[in-house]
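Architecture at a glance
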Amino acid sequence: MSLTKQVQFWIAALAVFIAFLYVFSDVLLPFVSGMALAYLLDPLADRLERLGLTRPLATLAIVIGLIVGLTVILILVVPLLVNQIGGFVDRLPYYVTRLQAFGSRAMDGRLGQLVGSNAKDLEAQLGSFLSQGAGWITRVLQSIWNGGQAIMSILTLLVIAPVVAFYLLLDWDRMVDKIDSWLPLRHRETIRGLARDMNAVVAGFVRGQISVCLAMGIFYATGLTLVGLNFGLFIGLLAGILGFIPFVGFGVGLIASVGVAIAQFWPEWQWILAVLAVFFAGQMLEGYVLQPNWVGRSVGLHPVWLLFSLFAFGSMAGFVGMLVAVPVAASVGVLARFALEQYLASPFYAASGSDDPDGASA
C-alpha cells in the first residue's frame, strides 16, 4: 500500500471515529467510562494474578471493591455534597451582595484614590461581572442537580459502567492479543512500539493525574473545612476535580474560596489569609511532590495541547468527548513525534539541493 493510500485510510478512520462520537455521544458515557475503568484497573488485575488469583477471581474482587467504594461514597459523601451545593446556590446572591459592598468600600478608600476618575466605572463593571457570574453559576448548578436527565445519567453511569468494566477487564488480555494478531506483519514491530509509547503516555498521565486530582480534592476540602469556610467541602472537591484541566482547578477554587471567605469573614482578614494559605500550600504540594512522583515530567503532553483537546472534544461530544480527549491527544502526540523522527532520518531532509545556499556551496 502506498504512503498516500495509508494516509487516506487513517484520515478516513479518524473521520469515522469523530462521526461515531458525535452521533452516539448521548449513550456512550457509561460504556466509555467502563472502558476507562477497565484500562485503569488492568495493572491491578495483573498484579492479583501474579499473587495467585485467576483472572475471573481477580476481576470479581476488583469490581466488588469498586462497587463497595462507590456505595460508601454515595452514602457518606454525596448527601453532604448535595446539601452543600444546594446551600451554595441559595447563598450565592447574598455573597454577591456582600462582595459588591466590599468593592464599594474599597473604591471609596485608598483603592478609589489610586484608580482616580475611573473608580465609579470600575465599580459598576465589577458589580455587573459579579451579578452575571453568579447568575451563570446558579443556572449551571440548578440544571445539574434539578434536571431529571442529568440524575438519570448519573444513575445509569453508576449501574452500567461497573458491569462494562467487569466484562472488559475479564477479557482485556485476550482482546489485546487478538488485536495484536491483526496487525500487518510488515509493520508489526513499528506499530507495537508506537502502541507502547502511547500506553506509557496515557498511563503516566491519566493514572497519575487522577491520583493527583483525588489527593488535591481531599486536601483542599479538608483544609477549607478546617478553616471554617462555608461550603469548603464542595469548593475543595470541585477544585480537585477540575485540576485535571491545567490551571483551571486552582483558579476556580481560589476565586470561589476567596470570594466566599471575603463575604463570610471580613473584616477578620486572618481567615481570608488562611484560605489563601490552603491553596498555595496545595500548589506547593502538587508542584513539588505529587506531580513529579505520580505523573512525571516526560509524559509528553503539553498543557496547551491538552487544553485544546479537552475543549475541542468537549464541545463536540460533551463529557464523553472530554474522556477520550486525553488518549487521543497522547496518541496524536506520539504519532507526530514518530513522523518527525522519520522525516529527520529521511533523504528528503538530509539531501542538499539548489534551494539551500550552504548545501550548494558544499
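Residues numbered from 1 in each chain as written. Predicted model: local features only at pLDDT ≥ 70, side-chain atom pairs only at ≥ 80, totals over all residues. Heavy atoms only, no water.

Overview of the overall build of the protein chain
Secondary structure assignment for the protein chain yields 15 helices and zero strands. Within the protein chain, buried positions represent 33% of all 362 residues. For the protein chain, the share of sequence-separated contacts (at least 6 apart) that also reach a separation of at least 24 residues comes to 72%. On the protein chain, roughly 22,200 Å² of surface is accessible, and the fraction owed to carbon and sulfur atoms is 70%. (Helix = DSSP H or I, 4+ residues; strand = E, 2+ residues; numbered from the N terminus. Buried < 20%, exposed > 50% of the residue type's maximum accessible area, 1.4 Å probe, protein only. Contact = heavy atoms within 4.5 Å. Areas by Shrake-Rupley, 256 points an atom, 1.4 Å probe, with all protein chains shown as cover.)

Points about the nonpolar core
Grouped together as the largest cluster of nonpolar side chains are 67 residues, with contacts concentrated most on Leu-21, Phe-205, Leu-224, Leu-229, Leu-301 and Val-326. Looking at this core, the element that brings in the most residues is helix 9 (residues 188-227), giving 13 residues. Discounting residues that sit within four places of it in the chain, Leu-21 has contacts with Leu-28, Phe-313, Met-316, Ala-317, Val-320 and Val-324. (Core = buried A, V, L, I, M, F, W, Y, C linked by side-chain atoms within 4.5 Å.)

Some thoughts on the environment of Arg-196
Positionally, Arg-196 belongs in helix 9. Residues Arg-196 and Val-334, spaced 138 residues apart in sequence, show a C-alpha to C-alpha distance of 10.0 Å.

Quick word on the pattern of salt bridges
Summed over the entire model, instances satisfying the criterion amount to seven salt bridges. As a salt-bridge pair, Arg-55 and Glu-49 come within 2.9 Å of each other at their nearest N and O atoms. Given a relative accessible area of 9%, Arg-55 falls into the buried group. (Salt bridge = Lys/Arg side-chain N within 4 Å of Asp/Glu carboxyl O.)

Digging into the packing of helix 9 against helix 12 (residues 269-295)
Direction vectors running N to C along helix 9 and helix 12 enclose 160 degrees, while the axes themselves pass 10 Å from each other. It follows that helix 9 is roughly antiparallel to helix 12 by the angle criterion. Note on packing geometry: the crossing formed by helix 9 with helix 12 is right-handed. A per-class count over the contact of helix 9 with helix 12 returns 18 nonpolar, eight polar and one charged. (Axes fitted to C-alpha atoms, helices over the stretch in contact; angles between N-to-C directions. Parallel < 35°, antiparallel > 145°, perpendicular 65-115°, else oblique. Left-handed = near helix turned anticlockwise from the far one by under 90°. Nonpolar A, V, L, I, M, F, W, Y, C, P; charged D, E, K, R; others polar.)

Overview of the packing of aromatic side chains
By the definition in use, this model includes 11 aromatic pairs. Judged by centre distance (5.9 Å) and plane angle (70 degrees), the rings of Phe-219 and Tyr-220 are edge-to-face. Residue class for Phe-219 comes out partly exposed when judged on its relative accessible area of 30%. The exposure class of Tyr-220 is buried, given its relative accessible area of 2%. Taking 6.1 Å as the distance between ring centres and 35 degrees as the angle between the ring planes, the aromatic pair formed by Phe-265 and Trp-271 counts as tilted. (Phe/Tyr/Trp six-rings, centres within 6.5 Å; stacked < 30°, edge-to-face > 60°.)

Some points on the environment of Asp-180
In this structure, Asp-180 sits in helix 8 (residues 172-181). Counting along the chain gives 11 residues from Asp-180 to Ile-191, while the straight-line C-alpha distance between them is 9.3 Å. Residues contacting Asp-180, with those up to four places away along its chain left out, are Arg-188 and Arg-192.

Details of the side chain of Gln-291
Its location among the elements puts Gln-291 in helix 12. A residue is classified by how much of its surface remains accessible, and Gln-291, at 17% relative accessible area, is buried.

Side note on the packing of helix 10 (residues 232-242) against helix 11 (residues 248-265)
Two elements in contact, helix 10 and helix 11, have axes separated by 7 Å at closest approach and are oriented at 165 degrees. By the criterion of interaxial angle, the relationship of helix 10 to helix 11 is roughly antiparallel. The element helix 10 and its partner helix 11 pack so that their crossing is right-handed. Here Ile-235, Leu-238, Ala-239 and Leu-242 of helix 10 lie close against helix 11, whose contacting residues are Val-248, Gly-249, Val-252, Gly-253, Ala-256, Ser-257 and Val-260. For the contact of helix 10 with helix 11, the residue count by class is eight nonpolar, three polar and no charged.

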